[in-house]
Amino acid sequence: MWTLAGQGCWRRCALAAWATRAARRGLPAPRPAPTRGAAAESKAPDRSYSSADRKEKIDMSRFPVENTRNFSIIAHVDHGKSTLADRLLELTGAIDKTKNNKQVLDKLQVERERGITVKAQTASLFYDYEGKQYLLNLIDTPGHVDFSYEVSRSLSACQGVLLVVDANEGIQAQTVANFFLAFEAQLSVIPVINKIDLKNADPERVEKQIEKVFDIPSDECIKISAKLGTNVESVLQAVIKRIPPPKVHRKNPLRALVFDSTFDQYRGVIANVALFDGVVSKGDKIVSAHTQKTYEVNEVGVLNPNEQPTHKLYAGQVGYLIAGMKDVTEAQIGDTLYLHKQPVEPLPGFKSAKPMVFAGMYPIDQSEYNNLKSAIEKLTLNDSSVTVHRDSSLALGAGWRLGFLGLLHMEVFNQRLEQEYNASVILTTPTVPYKAVLSSAKLIKEYREKEITIINPAQFPDKSKVTEYLEPIVLGTIITPDEYTGKIMMLCQARRAVQKNMMYIDQNRIMLKYLFPLNEIVVDFYDSLKSLSSGYASFDYEDAGYQTAELVKMDILLNGNIVEELVTVVHKDKAYSAGKAICERLKDSLPRQLFEIAIQAALGSKIIARETVKAYRKNVLAKCYGGDITRKMKLLKRQTEGKKKLRKVGNVEVPKDAFIKVLKTQSDK
């Protein structure tokens, strides 16, 4: 039997022999096993290989509050926000100057493919000016109306904005909307006229527009070309001179606002935070005001534009924080983080985003349901403006009813699901949230409120149960060259819009304001507007509440049976055209049967449109060579009776691919 000493002696001999063989072959010798005394020391984790410590940590205490500036870049779509951000990153040395620097902050595949910004991105820039080093925290924001929630969130972490306007296009609809977002937040606005290198650029005209519409003196405008880098240095100097430092207190207890978050498969939730008070460092215990859960901070840092770990983050600075949040629901955007046992008054946070468009989302194959559920959870952490409700359908199975801020938002969400999570889904026709005012006390008791919101058309209540229906309306702003005004006015009237205002912003550009029913613009209004105005008109809208409307629920019947998935809510005046369009698309999509299929659109018991899919028909007269007419009539009569019987017995099942074709938006026709 071996003794312990014998075992140790044997291990030392084996190690010596191994070392000799390794030396002969030119391999590194094995490390000896630690002794008992060393074992205790070896339990301390070896941090030398962690990615956080491989990078040199920045000392953020070098930047006092008066040398810190937090600002956003806001503009209409395609006015050069991301290009200006690229030049600012190059000027401050955050990235190397190369020809490949295009949309550096746009990291998503969908952003690079479409050439638009979808997610607001943060970058901390270090800039020397007049002998002082400044910390400039830049947030690049989206320009499309559907992502205005991203813009309003980003502005909460800023004290000023760069309002970028195209020297060729001039002020457009989203320029106006974004300016008023910044104005309401009482931020300093620096107007920047971009693309002065273009052949048709007219910066003087744009200066006059800015002075007329926004009441900003023309001598405050900075004229640049972000593409060529012309005069971009003066933008950084204006940020330092014109934007005030944040009003914060570093000696107070920690108060940090979570204004964005992403999910990393290995590190959990990465929260983007703006510090309003105090200091946070690695190892601190922090508490979420929303969930009251306690976490230990694993890493803090700034984005430059890639993650750069730091020792600490101080009040007035913007950075990221990793605290071992494993569940996607734990990092609520708008949440306040504070130190354990040092509770503070939570920050106001954000108004929750109001979904404007709802659509059903179902997995193509029900076996993919759990994978899709996990993908939607992770993506909604990254995009908190999407609302999710469980839903199910007889034809399409279990799924969700998702609320989006607009149609582009819905398309981008779908594209990100496919690209980032490899998920294929069926999306139903987008609908808007209607309201109904209930008539009887019994119904009010049942629903527990007098006014109910309907996001699924199948649950639309009958006219006998309600006193009135309400539909959402929006205040739309259209900016267009004046030669297209007549066509655009006709388009707006066809969409049941009411004109509110009309104003010339210069000699040949006009700004129209209309009240639109949301369901009239949600699908294809933007495309129609662009085609009418040769692409020159721009459109933006904001929520304007609800108005009473004559709404009806339109059922689609196949051989007398209602198909729940195709139920829609339409205005009474538009019911016939909408019903006819759906019936025609169904006729083209449904496979023929051995019996006739009647496709009908109905308002209650009244049929308003009908299409028929003819039956397959065997030629029963093929064997008759002449002969008496009664013989032929007998065979035809027998066939008709058989078809009649089949029609009673046969069920029409709508195949999934037919559903997908019919549920595609009207503009695809």
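Conventions adopted
Residues numbered from 1 in each chain as written. Predicted model: local features only at pLDDT ≥ 70, side-chain atom pairs only at ≥ 80, totals over all residues. Heavy atoms only, no water. Helix = DSSP H or I, 4+ residues; strand = E, 2+ residues; numbered from the N terminus. Buried < 20%, exposed > 50% of the residue type's maximum accessible area, 1.4 Å probe, protein only. Contact = heavy atoms within 4.5 Å. Areas by Shrake-Rupley, 256 points an atom, 1.4 Å probe, with all protein chains shown as cover. Salt bridge = Lys/Arg side-chain N within 4 Å of Asp/Glu carboxyl O. Pairing = 2+ DSSP bridges. Axes fitted to C-alpha atoms, helices over the stretch in contact; angles between N-to-C directions. Polar contact = N/O pair within 3.5 Å; in protein donor to acceptor, adjacent residues only side chain to side chain.

Caption draft 1: Structural context of the overall build of the protein chain. The helix and strand inventory of the protein chain stands at 18 helices and 31 strands. Burial status across the protein chain gives 51% buried among its 669 residues. Pairs at least 24 apart in sequence give 69% of the contacts found in the protein chain among residues at least 6 apart. For the protein chain, the exposed area adds up to about 33800 Å²; of that, 50% sits on carbon and sulfur atoms.

Caption draft 2: Highlighting the pattern of salt bridges. In the structure shown here, the tally under the stated rule is 17 salt bridges. Put simply, Arg87 and Glu90 hold a salt bridge, and the shortest N to O gap is 3.1 Å. Taken together, the positions of Arg87 and Glu90, both in helix α4 (residues 81-91) and 3 residues apart, correspond to about one turn of that helix. For Arg267, the salt bridge is made with Glu307, and the minimal N-O distance between the two is 2.8 Å. Here Arg267, found in the loop between β7 (255-264) and β8 (268-277), pairs with Glu307, found in strand β13 (residues 307-310); they are 40 residues apart in sequence, far enough to count as distant. The structure contains a network of salt bridges with shared partners spanning Glu471, Arg496, Glu520 and Lys574.

Caption draft 3: Structural context of the pairing of strand β22 (residues 451-454). Where burial is concerned, the two faces of β22 differ: the one with Ile452 and Ile454 is buried and the one with Glu451 and Thr453 is not. Bridge count for strand β21 (residues 434-438) against β22 is 4 bridges, and the pairing is antiparallel. Looking across to β22, one finds that Ala436 is bridged to Ile452.

Caption draft 4: Here's a closer look at the sheet that holds strand β17 (residues 357-363). Strand order in the open sheet formed by 4 strands is β18-β19-β17-β20, with antiparallel pairing between adjacent strands. The outermost strands of the open sheet, each flanked by one partner alone, are β18 (387-393) and β20 (425-427). Between one strand and the next, the sheet's axes are offset by a mean angle of 30°, whatever the strand orientation. Pairing between β17 and β20: 3 bridges, direction antiparallel. Bridge pairing in β20 places Met361 opposite Leu427.

Caption draft 5: How the structure looks around unusual backbone geometry. Here Lys195, not a glycine, exhibits a phi torsion of approximately 65°, which is positive. Following the sequence through the fold, Lys195 ends up in the loop between β5 (188-194) and α8 (203-214). We note that Arg496 has phi near 60°; this positive angle belongs to a residue other than glycine. Topologically, Arg496 is positioned in the loop between α13 (485-494) and β24 (498-504).

Caption draft 6: The side chain of Thr68, seen in detail. For Thr68, the location among the structural elements is in strand β1 (residues 68-75). Among the polar contacts made by the side chain of Thr68, one reaches the main-chain carbonyl oxygen of Pro64 at a distance of 3.1 Å.

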